[in-house]
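One letter stands for each residue in the lines below.
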Amino acid sequence: MTALLEVRDLATHFATRAGVLKAVDGVSFSIEPGEIVGLVGESGSGKSVTGFSILGLVDPPGRIVRGSVKLDGSEIVGLPAERLRELRGRRMAMVFQDPSTTLNPVLTIAVQMRLALEAHERVGAAAARARAAELLGRVGIPDPANRLDSYPHQLSGGMRQRVAIAIALLNRPALIICDEPTTALDVSIQAQILTEMKALAADSGTALVWISHDLATVSVLASRILVMYAGRVVEEGPTADVLRAPRHPYTRGLLDSLPSISEPGQELRQIPGSMPSLIDPPPGCAFAPRCTIADAGCATMPEMRRDASRGVRCHKPLGAGA
């Protein structure tokens, strides 16, 4: 199957007074139509900036300094702003973490959805309202026809996030990038939205890039996982395989830090130290200062090792001798 999205050696840097911050530094991956890919890692690992870079939403002082992003085989990097606006919403869309920052508090849901729809196609008021009500229903909002006349502040956090997802789906995009959209929601609402998003991807063929720091959330949604650390992908592969037998020590550390059902009351294990500065990262493997198995060889940058379905950027991958 031909890749819908193909990212190759993407690098996004920010010029600061302290130096150049390499938020994304050589990220490569692809995604097929209808596929759900999880992009996971600690805060500051470069997940969100990767998503913003794909959609051309990086503002100065940030800029893409190298790499390629192709949608449907066509290059996105370097496109004029007007052309990017045509693609955003129509062929690709984004759902942000906090819907209160994307929904206009002084416009009804109906008006906001109509404006988003009219930005890309000519449609009558009645048809726009019918389409908006249909999508609100698809994302699990009860009585959608009446909810259209509500203002954002009249809806709960979970409802507002559903509206944001419905707006992203309005123009039937081929790709939606979801930047931790369920982080601020309670567990029951989160589970409902995950189920709905998985069903929507299966029914419509829309591909999802699900950005999250929560491996548990991604494990029930994504078919494939990319683990990011310090601006790079350090491990990738089918979700079940990565979670069952992680090959990078960082991935192992993330899994070990999750609460264990089998050991209630035990202290949580944590990865020692913190994310390195992306302005002045350590030489070689950025995870080496926190890694319990690092040695002198880790002072050189490891390449991504790949086999049929897995990839790992590590000099001493776990299970290599098994």
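First, a word on what this report is: a plain description of the structure on this page. (Residues numbered from 1 in each chain as written. Predicted model: local features only at pLDDT ≥ 70, side-chain atom pairs only at ≥ 80, totals over all residues. Heavy atoms only, no water.)

What follows concerns the sheet that holds strand β3 (residues 36-40). Ordered in space as β6-β7-β8-β3-β9-β10-β12-β11, the 8 strands form an open sheet in which the pairing is mixed. The sheet is open, and its two borders are formed by β6 (92-95) and β11 (304-306), each paired with just one other strand. With strand direction ignored, the average angle separating the axes of adjacent strands in the sheet is 20 degrees. Both strand β9 (residues 224-229) and strand β10 (residues 232-238) contribute to a ladder of 6 bridges, which runs antiparallel. Paired with L226 across the strands is E236, a residue of β10. (Pairing = 2+ DSSP bridges. Helix = DSSP H or I, 4+ residues; strand = E, 2+ residues; numbered from the N terminus. Axes fitted to C-alpha atoms, helices over the stretch in contact; angles between N-to-C directions.)

One open sheet accounts for 4 strands, arranged β2-β1-β4-β5; its pairing is antiparallel. At either margin of the open sheet sits one strand with a lone partner, and together these are β2 (19-31) and β5 (74-75). Across the face of the sheet, helix α1 (residues 47-54) comes into contact with β1 (5-16), β2 and β4 (62-71) while running at roughly 110 degrees to β1. (Contact = heavy atoms within 4.5 Å.)

In this structure the tally under the stated criterion is 17 salt bridges. A salt bridge links E35 to R224, with the nearest nitrogen and oxygen atoms 2.9 Å apart. Of this pair, E35 sits in the loop between β2 and β3 while R224 sits in strand β9, and the two are 189 residues apart along the sequence. Of the residues examined, E35 reaches a relative accessible area of 15% and is grouped as buried. What makes R224 buried here is its relative accessible area of 17%. Linking D295 and K316 is a salt bridge whose minimum nitrogen-to-oxygen distance equals 3.5 Å. (Salt bridge = Lys/Arg side-chain N within 4 Å of Asp/Glu carboxyl O. Buried < 20%, exposed > 50% of the residue type's maximum accessible area, 1.4 Å probe, protein only.)

Attention now goes to the environment of K22. Residue position: K22 is located in strand β2. K22 sits 10 residues away from T12 along the chain, and the two C-alpha atoms are 6.4 Å apart.

The subject of this paragraph is the environment of T195. Summarising the element assignment, T195 is placed in helix α7 (residues 187-204). Among the residues examined, T195 registers a relative accessible area of 55% and is labelled exposed. Measuring from C-alpha to C-alpha, the distance between T195 and L278 comes to 36 Å, with 83 residues separating the pair along the chain.

Another aspect to go through is the packing of aromatic side chains. For the structure shown, the criterion picks out 4 aromatic pairs. Measuring from ring centre to ring centre gives 5.4 Å for Y250 and F287, while their planes differ by 65 degrees; the resulting arrangement is edge-to-face. Placement of Y250 in helix α10 (residues 249-256) and of F287 in the loop between α10 and β11 is noted, with a sequence separation of 37 residues between them. By way of ring pairs, the aromatic residues Y229, Y250 and F287 are connected into one cluster. (Phe/Tyr/Trp six-rings, centres within 6.5 Å; stacked < 30°, edge-to-face > 60°.)

Right, let's talk about the nonpolar core for a bit. Burial of nonpolar side chains together is a common tendency in soluble globular proteins. Membership of the largest hydrophobic core comes to 58 residues, with the highest contact counts inside it found for M113, L136, L148, I176, M197, Y229 and Y250. Residue contributions to this core peak at 7 residues, all from helix α6 (residues 157-169). If you look at the next biggest cluster of nonpolar residues, it comprises 31 residues, including L84, L87, V209 and I211. (Core = buried A, V, L, I, M, F, W, Y, C linked by side-chain atoms within 4.5 Å.)

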